[in-house]
Amino acid sequence: MPKFGKRSKKELATAHPDLQRLFNAVIERIDCAVICGHRGHADQDKAFAEGKSKLEWPNSKHNKVPALAVDVVPFPIDWNDLARFDALAAVVKAEAKRLNIKVECGIDWKKFPDAPHYQMPG
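Now for a quick tour of the structure.

Reading guide: rules and limits
- Residues numbered from 1 in each chain as written.
- Predicted model: local features only at pLDDT ≥ 70, side-chain atom pairs only at ≥ 80, totals over all residues.
- Heavy atoms only, no water.
- Core = buried A, V, L, I, M, F, W, Y, C linked by side-chain atoms within 4.5 Å.
- Buried < 20%, exposed > 50% of the residue type's maximum accessible area, 1.4 Å probe, protein only.
- Helix = DSSP H or I, 4+ residues; strand = E, 2+ residues; numbered from the N terminus.
- Contact = heavy atoms within 4.5 Å.
- Salt bridge = Lys/Arg side-chain N within 4 Å of Asp/Glu carboxyl O.
- 1 Å grid on protein atoms, 1.4 Å probe; cavity = no way out; pocket = protein on both sides within 12 Å on 5 of 7 lines; lining within 4 Å.
- Points joined across faces, edges and corners; volume = space filled by probe spheres on them.
- Nonpolar A, V, L, I, M, F, W, Y, C, P; charged D, E, K, R; others polar.
- Expected span 1.5 Å × (residues − 1).
- Arc of directions from axis to C-beta.
- Phe/Tyr/Trp six-rings, centres within 6.5 Å; stacked < 30°, edge-to-face > 60°.

Considerations on the nonpolar core
Next up, step 1: Counting 25 residues, the largest nonpolar core has Leu22, Phe23, Val26, Val70 and Tyr118 as its most contacted members.
Next up, step 2: Secondary-structure elements contributing two or more residues to this core are helix H2 (17–26), strand S1 (32–36), strand S2 (69–74) and helix H4 (82–99).
Next up, step 3: If we ignore the near neighbours within four places in the chain, the residues touching Val26 are Cys32, Leu88, Val91, Val92 and Glu95.

Shown next as structure tokens:
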């Protein structure tokens with residue numbers, strides 16, 4: 001059974017308890033890694049400057065405490081294998097429904113698809 005490594009556990013610990021509960025269930029079904037939870041000012045500025053975020057500090061859900069967004073990737077990471085990102089999103093959606101947790105998947109966004117991004121709505 002897959003399990004989170006140290007970095008994933010550290011990043012997930014910065015997220016809202018519902019996101020923690022969700023992704024602790026997801027890891028039991030599919031191997032994945034949490035690459036970002038809370039994002040501080042400097043990291044958000046860098047993500048914005050690199051075009052990885054459309055939002056400046058402090059407007060990202062990653063900037064909240066606890067974070068209302070996490071970036072999660074299928075493991076091992078292959079940024080070009082979008083089918084694996086789709087498979088991960090399907091598991092996330094199924095577990096979210098089972099646990100009655102509302103979540104938005106960045107892979108579904110039309111204007112700025114963000115395959116690793118999962119956030120609480122609102």
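Text resumes after the structure shown.
A closer look at the pattern of salt bridges
Next up, step 1: Tallied over the full model, the rule gives six salt bridges.
Next up, step 2: Among the ionic pairs, Asp18 bridges to Arg21, the shortest N-O distance being 3.5 Å. Here the residue Asp18 and the residue Arg21 both occupy positions in helix H2, the gap between them amounting to three residues, near one helical turn.
Next up, step 3: Residue classification places Asp18 among the partly exposed residues on the basis of a relative accessible area of 25%.
Next up, step 4: You can call Arg21 partly exposed: its relative accessible area is 40%.
Next up, step 5: Among the salt bridges present, the one from Asp71 reaches Arg39, with a minimum N-O distance of 3.2 Å. Separated by 32 residues along the polypeptide, Asp71 in strand S2 and Arg39 in the loop between S1 and helix H3 (41–49) bring together distant segments of the chain. The same class applies to Asp71 and to Arg39, which are both buried.
Next up, step 6: Each of Arg29, Glu95 and Arg98 takes part in salt bridges that share partners, so that together they form one network.

Some points on the layout of surface pockets
Next up, step 1: Approximately 710 Å³ is the volume found for the largest pocket.
Next up, step 2: What lines the largest pocket is a set of 27 residues, and nearest its centre among them are Arg39, Ala47, Lys52, His62 and Asp71.
Next up, step 3: Examining the composition of the lining of the largest pocket, we find that three residues originate from one element, H3, more than from any other.
Next up, step 4: By residue class, the composition of the lining of the largest pocket is nine nonpolar, seven polar and 11 charged.

A word on H4
Next up, step 1: Spanning 18 residues, H4 covers 25 Å between terminal C-alpha atoms, matching the ideal 26 Å at 1.5 Å per step.
Next up, step 2: Every buried residue of H4 is listed here: Phe85, Leu88, Ala89, Val91, Val92, Glu95, Ala96 and Leu99. Buried residues of H4, seen end-on, are gathered within an arc of 165° and therefore sit on one face of the element. Seen from the buried face of H4, the exposed residues on the opposite side, beyond 90 degrees, are Ala83, Lys97 and Arg98.

What to know about the packing of aromatic side chains
Here the distance between the centres and the angle between the planes together describe a pair of aromatic rings.
Next up, step 1: Applying the stated criterion to the full structure yields two aromatic pairs.
Next up, step 2: The interplanar angle of 65° and the centroid separation of 5.4 Å between the aromatic rings of Phe23 and Tyr118 together place this pair among those described as edge-to-face. Note that Phe23 is positioned in helix H2 and Tyr118 in strand S4 (residues 117–119), a separation of 95 residues in sequence. Residues Phe23 and Tyr118 agree in their burial class; the two are buried.
Next up, step 3: Judged by centre distance (5.9 Å) and plane angle (25°), the rings of Trp79 and Phe85 are stacked.

Describing the side chain of Ser60
Next up, step 1: Along the chain, the position of Ser60 falls in the loop between H3 and S2.
Next up, step 2: Taking the relative accessible area as the measure of exposure, Ser60 reaches 4% and is therefore buried.
Next up, step 3: Not counting residues up to four positions away in its chain, the partners in contact with Ser60 are Arg39, Gln44 and Leu55.

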